[in-house]
Amino acid sequence: MGDARRDVSAFIQNIHHFRDHYIPPDRLPDEHVVAFDEAQRAWNRNKLAAAMREKHGIRDFVKSEPEFLIEVMNRHQDWCAIVCLIGGGQEINEGEAGLSEWFTALSNHFPAWKVFTSNHLTEPEYSWGHNLASMIALSRSQT
């Protein structure tokens, strides 16, 4: 059982550990493919800035969690992929960015990324009051 846990832990890690490990901008990720479970729960700029201040003493952090995580993976010179797993019909809590922040980060900072989405993302249970269809179209038009 211990060997199995060690093998799995080599592949699965807490998002906050992954994020914190790659704070130094020169640290290239070992991973070429990452999957973020509950991606709609990624933190907005204010919540991540507060965490970076409290945990790491970084006072000028101005990125949302989606923007920072994409930036980390974007450090690869060859290829990488991000898979965002989401749950529909869930309430977004204070400090959580929702899916709109992933598309905002892609459109504003990573226009070269190719975006593939489920057709279900335009349904109300995933959009949380945002027009994800237009954000998705904007992200796709820039790929």
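Located above this text is the structure these notes cover.
These lines cover the structure that appears in this document, whether it is placed above or below. In this text, all values refer to a predicted model and were calculated from it rather than measured experimentally.

Cut-off values and rules
- Residues numbered from 1 in each chain as written.
- Predicted model: local features only at pLDDT ≥ 70, side-chain atom pairs only at ≥ 80, totals over all residues.
- Heavy atoms only, no water.
- Helix = DSSP H or I, 4+ residues; strand = E, 2+ residues; numbered from the N terminus.
- Buried < 20%, exposed > 50% of the residue type's maximum accessible area, 1.4 Å probe, protein only.
- Contact = heavy atoms within 4.5 Å.
- Areas by Shrake-Rupley, 256 points an atom, 1.4 Å probe, with all protein chains shown as cover.
- Core = buried A, V, L, I, M, F, W, Y, C linked by side-chain atoms within 4.5 Å.
- Phe/Tyr/Trp six-rings, centres within 6.5 Å; stacked < 30°, edge-to-face > 60°.
- Lys NZ or Arg CZ within 6 Å of the ring centre and 35° of its normal.
- Pairing = 2+ DSSP bridges.
- Axes fitted to C-alpha atoms, helices over the stretch in contact; angles between N-to-C directions.
- Parallel < 35°, antiparallel > 145°, perpendicular 65-115°, else oblique.
- Left-handed = near helix turned anticlockwise from the far one by under 90°.
- Nonpolar A, V, L, I, M, F, W, Y, C, P; charged D, E, K, R; others polar.

Concerning the overall build of the protein chain
(1) Moving on: On a plain count of helices and strands, the protein chain comes out with 7 helices and 2 strands.
(2) Moving on: Ordered by position from N to C terminus, the α and β elements of the protein chain give α-α-β-α-α-β-α-α-α.
(3) Moving on: Counting across all 143 residues of the protein chain, residues that qualify as buried make up 37%.
(4) Moving on: For the protein chain, long-range pairs separated by at least 24 residues make up 72% of all intrachain contacts whose partners lie at least 6 apart in sequence.
(5) Moving on: Summed over all atoms, the accessible surface of the protein chain reaches about 8,800 Å², with 51% contributed by carbon and sulfur.

Examining the environment of lysine 47
(1) Moving on: With respect to the element layout, lysine 47 can be found in helix α3 (residues 45-56).
(2) Moving on: When its relative accessible area of 33% is taken as the criterion, lysine 47 is described as partly exposed.
(3) Moving on: Spatially, the C-alpha atoms of lysine 47 and alanine 97 are 9.2 Å apart, while their sequence positions differ by 50 residues.

Observations concerning the nonpolar core
(1) Moving on: Grouped together as the largest cluster of nonpolar side chains are 27 residues, with contacts concentrated most on Phe18, Phe36, Ile70, Ile82, Trp102, Leu106 and Trp113.
(2) Moving on: The set of elements that each furnish at least two residues to this core consists of β1 (33-36), α3, α4 (65-73) and α5 (99-109).
(3) Moving on: Setting aside residues no more than four positions away along its own chain, phenylalanine 36 makes contact with Ile15, Phe18, Leu69, Ile82, Val83, Cys84, Leu85 and Trp102.

Details of the packing of aromatic side chains
(1) Moving on: Evaluation of the coordinates by the stated rule reveals 4 aromatic pairs.
(2) Moving on: Taken together, a centroid distance of 6.0 Å and an interplanar angle of 70 degrees make the contact between phenylalanine 18 and phenylalanine 36 edge-to-face. Residue phenylalanine 18 is found in helix α2 (residues 15-21), and its partner phenylalanine 36 is found in strand β1; the two are separated by 18 residues along the sequence.
(3) Moving on: What makes phenylalanine 36 buried here is its relative accessible area of 8%.
(4) Moving on: Among the aromatic residues, those joined into a ring-pair cluster are Phe18, Tyr22, Phe36 and Trp102.
(5) Moving on: Sitting over the ring of phenylalanine 61, lysine 63 keeps its end group 5.9 Å from the ring centre.

Observations regarding α5
(1) Moving on: In terms of burial, α5 is largely enclosed, as 8 of its 11 residues are buried.
(2) Moving on: Residues of α5 that are buried include every one of Leu99, Ser100, Glu101, Trp102, Phe103, Ala105, Leu106 and Ser107, and no others.

Quick look at unusual backbone geometry
(1) Moving on: If you check the backbone angles, glutamate 38 has positive phi at about 55 degrees while not being a glycine.
(2) Moving on: Mapped onto the elements, glutamate 38 comes out in the loop between β1 and α3.

Concerning the pairing of β1
(1) Moving on: Burial of the side chains of β1 is restricted to one face: Val34 and Phe36 are buried, whereas none of Val33 and Ala35 on the reverse face is.
(2) Moving on: Across 4 bridges, the pairing between β1 and strand β2 (residues 81-84) is parallel. Following the sheet pairing, phenylalanine 36 is matched in β2 by cysteine 84.

Section: the packing of α4 against α5
Geometrically, a packed helix pair is captured by the angle between its two axes and the distance between the axes.
(1) Moving on: Taken N-terminus to C-terminus, the directions of α4 and α5 make an angle of 55 degrees; their axes are 8 Å apart at the nearest point. As summarised for this structure, α4 and α5 are arranged oblique, according to the angle between their axes. Read as a crossing pair, α4 and α5 show a hand that is right-handed. Of the residues in α5, those in contact with Pro66, Glu67, Leu69 and Ile70 of α4 are Glu101, Trp102, Ala105, Leu106 and His109.
(2) Moving on: Grouping the constituent residues of the contact of α4 with α5 by class yields 6 nonpolar, 1 polar and 2 charged.

None of the figures reported here should be taken as evidence of function without further support.
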